[in-house]
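# Fold and contact review
As a plain string of letters, each chain reads:
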Amino acid sequence: MRTFVPLLIALLLPTSALAQVCGDAVIESPEQCDDNNAIAGDGCSDTCEIETAFYCNDPFDLNEASTEEWGASSSWSITNGGLHATQLTNTAASVLVLDNFDPSFVPATFDTGVLVTTDDDFIGYAIGIEAGDSTDPTADFLLIDWKQASQSAFSTTAAVGLSLSRVTGVPSNGDFWGHNNGVQELARGATLGSVGWSDLAVYEFEIVYDGDSIQLYVDGSLEIDLDETTAGVPFPDSGNLGVYCFSQQGAVFEWTGNEASVCSSVCGDGLIASDEDCDDADSDAGDGCDDSCAIEPGFTCVGEPSVCEDDADSDGVPDVDDNCPDDPNVDQADGDGDGQGDICDPCPIDNPDDPDGDGVCTSVDICDGDDASGDTDGDLVCDDIDPCPIDNPDDTDGDGVCDSVDVCDGNDVTGDVDGDGVCDDIDPCPLNNPDDTDGDGVCDSADPCPLDNPDDTDGDGVCDSTDPCPADNPDDSDGDGQCDSTDPCPADNPDDTDGDGVCDSIDPCPADNPDDSDGDGVCDTVDVCDGDDASGDSDSDGVCDDIDPCPVDAPDDTDGDGVCDSDDLCPLDNPDDTDGDGVCDSDDLCFGDDATGDYDNDGACDDVDPPPGDDDDSAGDDDDSAGDDDDATDDDDSASTGDDDDATGDDDDIAIDEPGPECGCAAAPGGNAPAGLLLLLPAALLMRRRRA
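Reading guide: rules and limits
Residues numbered from 1 in each chain as written. Predicted model: local features only at pLDDT ≥ 70, side-chain atom pairs only at ≥ 80, totals over all residues. Heavy atoms only, no water. Helix = DSSP H or I, 4+ residues; strand = E, 2+ residues; numbered from the N terminus. Buried < 20%, exposed > 50% of the residue type's maximum accessible area, 1.4 Å probe, protein only. Contact = heavy atoms within 4.5 Å. Areas by Shrake-Rupley, 256 points an atom, 1.4 Å probe, with all protein chains shown as cover. Polar contact = N/O pair within 3.5 Å; in protein donor to acceptor, adjacent residues only side chain to side chain. 1 Å grid on protein atoms, 1.4 Å probe; cavity = no way out; pocket = protein on both sides within 12 Å on 5 of 7 lines; lining within 4 Å. Points joined across faces, edges and corners; volume = space filled by probe spheres on them. Nonpolar A, V, L, I, M, F, W, Y, C, P; charged D, E, K, R; others polar. Core = buried A, V, L, I, M, F, W, Y, C linked by side-chain atoms within 4.5 Å. Pairing = 2+ DSSP bridges. Axes fitted to C-alpha atoms, helices over the stretch in contact; angles between N-to-C directions.

### Observations regarding the overall build of the chain
The helix and strand tally for the chain stands at three helices and 21 strands. Looking at the chain as a whole, 40% of its 692 residues qualify as buried. Here the analysis covers contacts within the chain between residues at least 6 apart in sequence; of these, 37% occur between residues at least 24 apart. Carbon together with sulfur atoms contributes 54% to the accessible area of the chain, which is approximately 35000 Å² in total.

Right, here's the structure in full:
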């Protein structure tokens, strides 16, 4: 895609008339064509005349175009010597038709676009259109159109994008707009099918058409590729090229293709052009002249229009006239004049070839009579009178038997009883056929094993050919499927269970390899120890005594202190007696110096227990059973209930007696128990719990 510049639409200045020159791409009288060369044989001769059976397009010139309109009048402007067309108005559907310019002759190439920024309607091309199609109910052509944007009008909707349609009859503008009725949409662009053209942009269009298929390229990209078989509708075989505009002002079309005449033969017109082998007035294949006017294999074609006949050998002579229809012989030579060409005549110099029908040509036939059998053996005696027609000589040994059926070369009066082809008088085994199958010098009829040489190698009474172990007698002593001669352990089945190379019958440990690793006289499979295990495993812990650190203990050392359980005073403790008081830690109530024990049984060892005789009775008082201090009534106060200075029987608080002289402790602030005692009691209790 390119952008338009003002120079694109500039009108070319008229040029002065040129002298007529064949090959300058300009048709000037008396020229019929001008294909920009002066070469004959391409349809336009070296004198610019149209050659036989060719048709030539006029050079591209929009000045010679006609206008087809389906409504309001269009306004086409033709410039640049007929190469450029512009639609100046917003008009109904309109086609500028290039008469005598068949698009199937040459690819049509244009620069196409819209020069204005207003409106968004259709631009495109018509393929196979004829002058008068806008009003012809039999009209049938292809239409390429490209809409810039989707739009509703004429009670229908036009879809944005590039498409190919078939136009038949006389459609309305609404049909052109919405692709309805007489405008049947066949395909949309591969990439531009729903993309509109852009304002002020130039697009390169190339249309390749051959009457059966169409390819459309835009800016080098293949947008539409369709044939009439895929489309399901016929394409026009002939017609002209036209540029199309509908409701779009400023649409421009600039021809960029070949400006000279384009010539082509027309296969199927009945005329044979220089680039055709035949032309049978149709474009059907399979009838001798194919759809490109080439002679098909197995046919020959002559005349205009061509008449094609079967020609199996493709030598140019029809089978009905060919004296050798299956062998190419253009010259049709027939030296003996018998109607059969020399190339396929078995007797090309004989007429008749073989009157007696013996397959021998007359010129070399030695028999004058009825020698249908000929002289097969070449003994110069015709077969019909030859006693031995296939033997030369007939009967070498003179025994009255023709050589071909005589089984003996000498005196064969004894015949050949066994029918082995050896006469009995010289046959070593005249009753046997074959004589001696195994070649052991014994005739088959007298040979106990006629197929074996030797007959019975191992002498077990079984012929070698049927003996599973022809070298062994017995064959397989242990019945393991191995012949004794190849069985490493002929007495054992299996041979060597543990694979130690010792047959089971002599292996002290047939299941062990090695047998006794530690040499203790015990096979490995039942030996619990790998070393010298004479001491056994006394404690049954799976460790042999000679390597067991504690051979009588299982487990060996429960507390892991390096002392076997049987020798450990405290087998559950590591260390055994932390405080050295002779009591194992697991049984020791106290871990400190607990020689004093727990005199008051309060759970605190005496060495950390406050005076063991204080505050330890069940009444919670000091040393007596009445709950007071040393007397049976109270603690020197005026209360009669036995308490110390307060109503609850304690020392000024609700929990602990007031310290007396016998405690020997200083009172805590507020009259509470000594702080050291309060801390030691929980600790002692904790230690006791840990030992419990």
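### Details of the environment of Ile-426
Examined against the element boundaries, Ile-426 turns out to sit in the loop between β21 (307-310) and α3 (675-691). Note: C-alpha distance between Ile-426 and Asp-416 (ten residues apart in sequence) is 9.6 Å.

### Re the side chain of Ser-94
Summarising the element assignment, Ser-94 is placed in strand β6 (residues 94-98). For Ser-94, a relative accessible area of 0% corresponds to the buried category. A distance of 3.2 Å separates the side chain of Ser-94 from the side chain of Ser-74, its partner in a polar contact. Polar contacts involving the side chain of Ser-94 include one to the side chain of Trp-76, which spans 3.1 Å. Discounting residues that sit within four places of it in the chain, Ser-94 has contacts with Thr-67, Glu-68, Glu-69, Trp-70, Ser-74, Trp-76, Val-243, Tyr-244 and Cys-245.

### Section: the layout of surface pockets
Taken as a whole, the largest pocket spans an internal volume of roughly 760 Å³. Residue lining of the largest pocket: 21 residues in total, with Ser-104, Asp-210, Asp-237, Val-266 and Cys-267 positioned closest to the centre. Going through the elements one at a time, β2 (54-56) and β19 (263-265) are the ones with two or more residues in the lining of the largest pocket. Residue classes in the lining of the largest pocket are distributed as six nonpolar, ten polar and five charged.

### With respect to the nonpolar core
With 42 residues, the main nonpolar core has Phe-110 and Ile-214 as its most contacted residues. Examining the composition of this core, we find that five residues originate from one element, strand β14 (residues 201-209), more than from any other. Contact partners of Phe-110, with chain neighbours within four places excluded, come to Phe-60, Tyr-125, Tyr-203, Glu-204, Phe-205, Leu-241, Val-243, Phe-253, Glu-254, Trp-255 and Thr-256. In this structure, Trp-70, Ala-126, Phe-141 and Phe-176 belong to the second largest nonpolar core, which totals 16 residues.

### Here's the deal with the sheet that holds strand β13 (residues 183-188)
Taken in spatial order, the seven strands make up an open sheet running β3-β6-β17-β8-β9-β12-β13, and their pairing is antiparallel. At either margin of the open sheet sits one strand with a lone partner, and together these are β3 (66-69) and β13. Going across the sheet, the axis of each strand differs from the next one's by a mean of 25°, ignoring polarity. Examined bridge by bridge, β6 and strand β17 (residues 240-246) share five bridges and lie antiparallel to one another. When the bridges of β17 are listed, Val-95 appears paired with Tyr-244.

### Some points on unusual backbone geometry
For residues other than glycine, phi is negative in most cases, and the peptide bonds are mostly trans. With an omega dihedral of 0°, the bond running from Asn-351 to Pro-352 counts as a cis peptide bond. Counting through the fold element by element, Pro-352 comes out in the loop between β21 and α3. The phi dihedral of Asp-119 is positive, around 70°, even though this residue is not glycine. For Asp-119, the location among the structural elements is in the loop between β7 (108-114) and β8 (122-129). Residue Asp-219 is not a glycine yet carries a positive backbone phi of 50°. Residue placement: Asp-219 occurs in the loop between β15 (213-218) and β16 (221-227). When its relative accessible area of 31% is taken as the criterion, Asp-219 is described as partly exposed.

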